Amino acid sequence: MKAFIFDLDGVIVSTDELHYEAWKQTADGEGIFFNREINERLRGVSRGESLEIILERAEKKYSQEEKAQLAESKNRIYRELLKKLTPADRLEGVTETLEQLRKRGYLLAIGSSSKNAPIILEKIGYKDYFDAISDGNNIKKSKPDPEVFLCAAKMLGLKPEECYVVEDAEAGICAALAGGFAPVGIGGAAKCDGITKGLGKFSDLLEL
Ligand code: BG6
Ligand code: MG
């Protein structure tokens, strides 16, 4: 194996919590029931697809224009929350583990569905850290489609079977499997079917 491709939100940084907060405010504003269990289904999927999942509980039908406004409003709230992000929001063990993996000669990349990935990486002090960044800005299809990871592997000049994919989302594990990568699950994804390894904590990556 030559590289690790990391999901961003909920793997490298705690922005999964900020996504939840922003969607919760948006859903509450519309009087739509939303909780952490429903939020689990939003992990890894695009902004538009996340909104569709939330609207499953809505009592009225939303037009395309209304949906676009709601997605934009959620993103505005989210971007406000991102302003307070600092390197301290990197998740536990991330800084040291990435350094160790680098020392062992692995290439490190990001494979995230988020269009906000560049600003997040800048805020947490990782603007120029990764060898490749594939995110919501360079893909057409979101996870569980493998496109975002296939782009990352291509940027690294590697084949999928030479890369681990580290994910907290079921959609991300499915994407990795569909693309021929070796999926590693953390958090809720540590128990997904088909994973190469489930991590109790981020630094368990050093046991691979
Ligand atoms: C993923 C998150 O990383 O990015 C999803 O897990 C989110 O919850 C998706 O919907 C898109 O993010 P953004 O920042 O482009 O709205
Ligand atoms: Mg994630």
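Everything quoted here is computed from the prediction, not taken from an experiment.

**Examining the site of ligand 1**
Turning to step 1, where the next piece is worked out: Every one of the 15 residues lining ligand 1 counts as a neighbour, but Asp 9, Val 45, Arg 47, Ser 114 and Lys 115 are closest to it.
Turning to step 2, where the next piece is worked out: Contact distances for ligand 1 include 2.9 Å between an oxygen atom and a backbone N or O atom of Leu 42.
Turning to step 3, where the next piece is worked out: In the model, an oxygen atom of ligand 1 is placed 2.8 Å from a nitrogen or oxygen of the Asn 116 side chain.
Turning to step 4, where the next piece is worked out: When ligand 1 is considered free in solution it has 390 Å² of accessible area, and contact with the protein chains removes 96% of it.
Turning to step 5, where the next piece is worked out: Taken together, the residues of the shell around ligand 1 break down into 3 nonpolar, 8 polar and 4 charged.
Turning to step 6, where the next piece is worked out: When residues of the shell around ligand 1 are assigned to domains, at least three fall in each of domain 1 (3-14 + 88-207) and domain 2 (16-82).

**Side note on the coordination of the magnesium ion (ligand 2)**
Turning to step 1, where the next piece is worked out: Every protein donor of the magnesium ion (ligand 2) is listed here as Asp 7 (OD), Asp 9 (O) and Asp 168 (OD), and their distances to the metal cover 2.0 to 2.2 Å.
Turning to step 2, where the next piece is worked out: All donors of the magnesium ion (ligand 2) come from a single chain, and their spacing in sequence reads D-x1-D-x158-D. Pair noted here: Asp 9 is in the loop between strand E1 (3-6) and helix H1 (15-30) and Asp 168 is in the loop between strand E4 (163-167) and helix H8 (170-179), with a separation of 159 residues, a long-range link.

**A short note on unusual backbone geometry**
Turning to step 1, where the next piece is worked out: Lys 143 connects to Pro 144 through a cis peptide bond whose omega is 15°.
Turning to step 2, where the next piece is worked out: Tracing the backbone through its elements, the reader meets Pro 144 in the loop between strand E3 (132-134) and helix H7 (147-156).

**Side note on the domain arrangement of the protein**
Turning to step 1, where the next piece is worked out: Each assigned domain of the protein is listed here: domain 1 (3-14 + 88-207) and domain 2 (16-82).
Turning to step 2, where the next piece is worked out: Averaged C-alpha coordinates put domain 1 and domain 2 at centres separated by 24 Å.
Turning to step 3, where the next piece is worked out: Counting from both sides, the interface comprises 15 residues of domain 1 and, opposite them, 14 residues of domain 2.
Turning to step 4, where the next piece is worked out: Between domain 1 and domain 2 the total buried area reaches about 1,100 Å² when both faces are included, carbon and sulfur atoms providing 48% of it.
Turning to step 5, where the next piece is worked out: At the boundary of domain 1 and domain 2, one finds 1 salt bridge.
Turning to step 6, where the next piece is worked out: Its salt-bridge partner being Arg 43, residue Asp 168 comes within 2.6 Å of it at the nearest N-O pair.
Turning to step 7, where the next piece is worked out: At the surface where domain 1 touches domain 2, the tally comes to 8 residue pairs in polar contact (both at pLDDT 80 or more).
Turning to step 8, where the next piece is worked out: Here the element with the most residues in the side of domain 1 that touches domain 2 is helix H6 (residues 117-123); it accounts for 3 residues.
Turning to step 9, where the next piece is worked out: Partitioning the side of domain 1 that touches domain 2 into residue classes produces 5 nonpolar, 5 polar and 5 charged.

**A closer look at the pairing of strand E2 (residues 107-111)**
Turning to step 1, where the next piece is worked out: Of all the 5 residues making up E2, 4 are buried; the element is thus mostly covered by neighbouring parts of the structure.
Turning to step 2, where the next piece is worked out: Two elements, E1 and E2, share 4 bridges in a ladder whose sense is parallel. Across the sheet, Phe 6 pairs through a bridge with Ile 110, a residue of E2.
Turning to step 3, where the next piece is worked out: In the sheet, E2 pairs with E3 via 3 bridges, with the strands oriented parallel.

**What about the pairing of strand E5 (residues 182-186)?**
Turning to step 1, where the next piece is worked out: Judged by how many residues are buried, E5 sits mostly within the fold: 5 of 5 residues are covered.
Turning to step 2, where the next piece is worked out: Taking every second residue as pointing to the same face, both faces of E5 are buried, with Ala 182, Val 184 and Ile 186 on one and Pro 183 and Gly 185 on the other.
Turning to step 3, where the next piece is worked out: Note: E4 against E5, 4 bridges, orientation parallel. When the sheet's bridge partners are listed, Val 166 is paired in E5 with Val 184.
Turning to step 4, where the next piece is worked out: As judged from the 3 bridges shared by E5 and strand E6 (residues 197-199), these two strands associate in the parallel manner. Within E6, the residue paired with Val 184 across the bridge is Lys 197.

**Description of the sheet that holds E4**
Turning to step 1, where the next piece is worked out: Read across the open sheet, the 6 strands follow the order E3-E2-E1-E4-E5-E6; overall the sheet is parallel. Each edge of the open sheet carries a strand with a single partner, namely E3 and E6. For this sheet, the mean angle separating the axes of adjacent strands, direction not counted, is 25°.
Turning to step 2, where the next piece is worked out: This element, H8, spans E4 and E5 of the sheet and lies at about 170° to E5.

**What to know about the environment of Thr 97**
Turning to step 1, where the next piece is worked out: Structurally, Thr 97 can be placed in helix H5 (residues 94-103).
Turning to step 2, where the next piece is worked out: Separated by 108 residues in sequence, Thr 97 and Leu 205 place their C-alpha atoms 7.5 Å apart.

Cut-offs applied
- Residues numbered from 1 in each chain as written.
- Chains lettered and ligands numbered in written order.
- Predicted model: local features only at pLDDT ≥ 70, side-chain atom pairs only at ≥ 80, totals over all residues.
- Heavy atoms only, no water.
- Near = heavy atom within 4 Å.
- Polar contact = N/O pair within 3.5 Å; in protein donor to acceptor, adjacent residues only side chain to side chain.
- Areas by Shrake-Rupley, 256 points an atom, 1.4 Å probe, with all protein chains shown as cover.
- Nonpolar A, V, L, I, M, F, W, Y, C, P; charged D, E, K, R; others polar.
- Domains from an automatic or database assignment.
- Donors = N, O, S within 2.8 Å, 3.2 Å for Na, K, Ca; no water.
- Helix = DSSP H or I, 4+ residues; strand = E, 2+ residues; numbered from the N terminus.
- Contact = heavy atoms within 4.5 Å.
- Buried area = accessible area lost by both parts, 1.4 Å probe.
- Salt bridge = Lys/Arg side-chain N within 4 Å of Asp/Glu carboxyl O.
- Buried < 20%, exposed > 50% of the residue type's maximum accessible area, 1.4 Å probe, protein only.
- Pairing = 2+ DSSP bridges.
- Axes fitted to C-alpha atoms, helices over the stretch in contact; angles between N-to-C directions.

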